[in-house]
Amino acid sequence: MNRFSFISKLNKKVLLLISTIFILVFSILAFVLSSSDKSPVRTYTNNTQYNFDQYSNELFSSQLSGDWLSLHFYLEHPEDWNLDTSTPTLGEYNYQSMQESQNYYINQINYLKSLNYKELYPSQQLTYDTLMSSFTSQLDFGDLCLCSQTLSPTTGLQAQLPVLLSEYAFNTQKDIENYLILLSQLKGYFEKICNFQILKAQNDSFISTFCCDKIINQCSDFIAEKNIEENLLYSSFKNRISSTDFLSGKEKDEYIHKNAALLESSVIPAYQLIISTLSDLKRKGFCKNDEGLCKLENGKAYYEYLVRSYTGSSKNVLEQKAMIQNQLAKDMRTMYSLLNVSPEIEEKLSSIKENKDKPEDILNQLSKKAAKDFPVEENYPFHVKYVDKSLEKHLSPAFYMSPPIDSDSKNMIYINNASPNTSQSLFTTLAHEGIPGHMFQSNFFADTDPLPIRHLLNFGGYSEGWATYTELLSYHYEYDDNQLANALACNSSYSLALYSLCDIGVNFEGWSRKDTIKFLSHYSIEDENVCNSIYEAVIEEPANYLQYYVGYLEIVELKNKVMEKYGSHFNLKRFHTAFLAMGPTSFDVAKKWICYFYEQYK
């Protein structure tokens, strides 16, 4: 999982472009983007190039200034980036700003259109294309926002927040003060979220019964300990404070006391508010829809928006469905072929033994083995941590957290011990989250010195598609038996295809629980508990599987096009390098730029 951001697509401020950007520039200018030593010095040959960088930096600043939690995770030294750091805030959350978001995106699109694209240098053109793609994909949100789900069992705000707060770095005393201010605002911020849940309920777009129950149980688990000192946000705070070398013992004790008081007065009441609000809405009968998004008013249109936004693919939902079905049929043919040639594979698949290798050792193995296919040239510093027991039941099997973009801090990979990991699943999970997946992808792109705004643009299909792509390749790093590796990769792809088809079937085509069970039975999945689990998962996190699987299929399609163009001169490592160097973007933009970058890495 990538870094979770409090930055709301709904609340970005419209920039004041007219008076601040169009500055007269003569001949060749050298302009430093910021005083951060990680930002390159750029040389300009015309006003358009200068103005575009000014614009992108204003965009970067405006997005982070209104959301301090995100700011802290993106920047270790915000004072070096000309940001307003005077008033720590979690930002705003309200229906009106959601509705008005369309005007924001229209303004940004109109400004980009006013620029002379041909006068930009290539990396600016790529950023321009990426911004235009991002803004365009969000235009429909304001009209559909009542279908949005800020609270959800796995990726919801209430699920991600405890981990983010427990990882909030204390590099200075000011960081500690700001952290405590943010804690003090949490109850008020959650009140706004709960008010939005009430508005959703009044408009018959509230969450399902089982989703509601899971969130309530999740929040209850997080605040279950009667002794405040057993809460994750107490113990993690104490550990971080104790390790500082710029505080006296008395100051440390005072901060620990202040944190405990804020947990009692703000954090725990915030989670109690979610529990009471959702419980009350459920009791009053507002959980009216236990089926897919398409059953809500505007739900089908919202699902189309989600799919477009999550996957970064220009293919519509039915085109994506056809692409998935084609791959599913291909995987089935491959498996039949493998079993016909080597019947013993079936026994091998069922007898994979647990591996006792430590996560750190697996990641080191992956670094060495992946180097033949990917531009892995160094060992990236990382920490492996384990999900707190109070969160184990509700978070993903593993996730990755990248360091600030202006920092040399270590990467962080979390592993959830509640998810049983065989050697196969842990190895490929770490390939997905670590190397050559998210961790490698993030570090490689950061080393290309992109414009800062590129770090904030989220294209799930690109990043999760890449991690899925590398995960499936990693079976060949784990097993010397090529047929077994092919069978495992094929089986994993097959499973993701079924989940993705269920996602579309339930949320776009209106499948009932019974329809889903019937569909899965055609593929020999007849355990009713498994079928119900899949059905509920795609309702709780609609379009989530598509960003993984459609993203993966788009990358494969892109690779095939490059292979077709270069024929016998195609080089897999060079393709991977080119794809990583482009950075997160939509697949239309990737198709436009992939050969340019492929040529750059001869």
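Structure: above.
The notes below deal with the structure included here.

### Concerning the packing of aromatic side chains
The full count for this structure, using the stated rule, is 42 aromatic pairs. Judged by centre distance (6.4 Å) and plane angle (65°), the ring pair of Tyr-93 and Tyr-189 falls under edge-to-face. A residue pair is termed long-range when its members are at least 10 positions apart, and Tyr-93 in the loop between helix H3 (68–74) and helix H4 (95–99) and Tyr-189 in helix H9 (residues 173–202) qualify at 96 residues. With a relative accessible area of 6%, Tyr-189 lands in the buried category. Plain terms: the ring middles of Phe-170 and Tyr-179 are 5.3 Å apart, the flat faces sit at 75° to each other, and that makes the pair edge-to-face. Residue Tyr-179 is classed as buried on the basis of its relative accessible area of 0%. Chaining the aromatic ring pairs together yields one cluster made of Phe-374, Tyr-462, Trp-466, Tyr-469, Tyr-566, Phe-570, Phe-575, Phe-579 and Tyr-598.

### Brief notes about the side chain of Ser-205
As for its position among the elements, Ser-205 is in the loop between H9 and helix H10 (209–222). Side-chain polar atoms of Ser-205 contact the backbone oxygen of Leu-146, separated by 3.0 Å. The contacts of Ser-205, once residues within four sequence positions are left out, are Leu-146, Lys-200 and Leu-296.

### Quick word on the pattern of salt bridges
Counting across every chain of the model gives 20 salt bridges. A salt bridge links Lys-348 to Asp-481; the nearest nitrogen and oxygen atoms lie 2.5 Å apart. With Lys-348 in helix H15 (residues 345–350) and Asp-481 in the loop between helix H20 (475–478) and helix H21 (482–507), this residue pair connects regions lying 133 residues apart in the sequence. Accessibility expressed as a relative area gives 32% for Lys-348, which makes it partly exposed. For Lys-591, the salt bridge goes to Glu-554, with nearest N and O atoms at 3.6 Å. Of this pair, Lys-591 sits in helix H26 (residues 587–600) while Glu-554 sits in helix H24 (residues 544–566), and the two are 37 residues apart along the sequence. Each of Lys-315, Glu-554, Glu-557, Lys-561 and Lys-591 takes part in one network of salt bridges that share partners.

### Brief notes about the environment of Leu-553
Counting through the fold element by element, Leu-553 comes out in helix H24. On a C-alpha basis, the gap between Leu-553 and Gln-327 in space is 8.2 Å, while along the polypeptide they are 226 residues apart. Here Leu-553 is in contact with Met-323, Ile-324 and Gln-327, once residues within four sequence places are set aside.

Parameters at a glance
Residues numbered from 1 in each chain as written. Predicted model: local features only at pLDDT ≥ 70, side-chain atom pairs only at ≥ 80, totals over all residues. Heavy atoms only, no water. Phe/Tyr/Trp six-rings, centres within 6.5 Å; stacked < 30°, edge-to-face > 60°. Helix = DSSP H or I, 4+ residues; strand = E, 2+ residues; numbered from the N terminus. Buried < 20%, exposed > 50% of the residue type's maximum accessible area, 1.4 Å probe, protein only. Polar contact = N/O pair within 3.5 Å; in protein donor to acceptor, adjacent residues only side chain to side chain. Contact = heavy atoms within 4.5 Å. Salt bridge = Lys/Arg side-chain N within 4 Å of Asp/Glu carboxyl O.

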